[in-house]
Amino acid sequence: HIDGSLTTRTLSLNIAAPNIVYGTNTIVNGDVQVRGADSAFTYGITADKLSVGKFALWFGNIHGKIDQNTITTNISLSDSTHNEEFAIAADMKKYGDTQVIRLQKGLKLNYNVWDVKQPNSIVFVKGGFYIRDFEINYQQQYIKANSKSPVVNTPIKVEFDSFSLSNITEVISRNDSLLAGGVLDGSITVQQMSPSVRITSDLTIKDLSVLSDTLGDLQARVRTDSGNSLNAKLKMT
């Protein structure tokens, strides 16, 4: 069911989809609500279940607000018993020709609430972007990202310490097996983005598993070689 209305100052849109099936993909109790007034909009998208093949997302909720200079978004996913498993909140603000994305507090990965360093920012300007003071952590785990200086095309370093892959993969895994698991350590450095991307990385995944089958410890070293080719060395123990 879809209905809506539009005037010079207001917008209203409602979509209700009790059940949609496309091949092995399904959406159960999908709902979309959009409201607008004087160039400001609020939006909400929910679904009880979204399944793709054997994998499923439960009780998804995306909502936020859009106005002339700011977009906010909040995303939440739960398990089949309605316990919130994943949550993220962020906003993007426009300052002239510059757009700034900031991750807000309240990040939840695999049921655990992570600390989000404030302030943090991903800044998009003419010619590219740079990152300032991005960091999330929970107990001994963390991800950090930072540009060497607040200028486009300066080196960007991303660091991982004891990061469990299940923080991300658990939310889309099957009931009987984890999509992927392991503990990620190491770093990726983007030396430059243009005129061609140049990167170096040294990453290790301890106890890597796929669909609950243990593969072992994976070490990956990658660097940009002459030209635009990548030189990669992978070692599995």
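Rules behind the numbers
Residues numbered from 1 in each chain as written. Predicted model: local features only at pLDDT ≥ 70, side-chain atom pairs only at ≥ 80, totals over all residues. Heavy atoms only, no water. Helix = DSSP H or I, 4+ residues; strand = E, 2+ residues; numbered from the N terminus. Buried < 20%, exposed > 50% of the residue type's maximum accessible area, 1.4 Å probe, protein only. Contact = heavy atoms within 4.5 Å. Areas by Shrake-Rupley, 256 points an atom, 1.4 Å probe, with all protein chains shown as cover. Pairing = 2+ DSSP bridges. Core = buried A, V, L, I, M, F, W, Y, C linked by side-chain atoms within 4.5 Å.

A. Local environment of the overall build of the protein chain. Scanning the protein chain for helices and strands turns up one helix and 20 strands. Seen through its C-alpha atoms, the protein chain measures out along the principal axes to roughly 55 × 50 × 35 Å. A burial count over the protein chain gives 31% of its 237 residues as buried. Taking contacts inside the protein chain between residues at least 6 apart in sequence as the whole, the part at least 24 apart equals 27%. For the protein chain, the accessible area works out to roughly 14,100 Å², and carbon and sulfur atoms hold 56% of it.

B. Expanded view of the sheet that holds strand 14 (residues 134-138). Pairing within the open sheet is antiparallel, and its eight strands lie in the order 11-14-15-16-17-18-19-20. The open sheet has two free edges, formed respectively by strand 11 (115-116) and strand 20 (230-236), since each of these has just one partner strand. Of the pairings in the sheet, the one linking strand 14 to strand 15 (residues 141-147) comprises five bridges and is antiparallel in character. Paired with glutamate 135 across the strands is lysine 144, a residue of strand 15.

C. Quick peek at the nonpolar core. Counting 19 residues, the largest nonpolar core has Leu107, Leu109, Trp114, Ile136, Phe163, Leu184 and Ile205 as its most contacted members. Taken together, the elements giving at least two residues each to this core come down to strand 14, strand 16 (156-164) and strand 18 (198-210). Considering every element that reaches this core, the biggest residue donor is strand 18, with three residues. For leucine 184, the residues in contact, after removing those within four places along its chain, are Phe160, Asp161, Ser162, Phe163, Leu165, Leu203, Thr204 and Ile205.

D. Up close: unusual backbone geometry. Cis geometry marks the peptide bond from glutamine 118 to proline 119; its omega dihedral reads -5 degrees. Backbone torsion omega between serine 194 and proline 195 reads 5 degrees, so that peptide bond is classified as cis. With respect to the helices, strands and loops of the structure, proline 195 is situated in the loop between strand 17 (180-192) and strand 18. Even without being glycine, asparagine 29 reaches a positive phi, approximately 55 degrees. On the secondary structure map, asparagine 29 appears in strand 3 (residues 25-37). Although it is not a glycine, aspartate 133 adopts a positive phi angle of roughly 55 degrees. Here aspartate 133 lies in the loop between strand 13 (128-132) and strand 14. Owing to a relative accessible area of 32%, aspartate 133 belongs among the partly exposed residues under this scheme.

E. Region of the structure containing the environment of glutamine 191. Within the element layout of this structure, glutamine 191 appears in strand 17. Sequence-wise, glutamine 191 and serine 147 are 44 residues apart; in three dimensions their C-alpha atoms are separated by 9.8 Å. Those residues in contact with glutamine 191 that lie beyond four places of it in its chain are Asn153, Thr154, Pro155, Arg198, Ile199 and Thr200.

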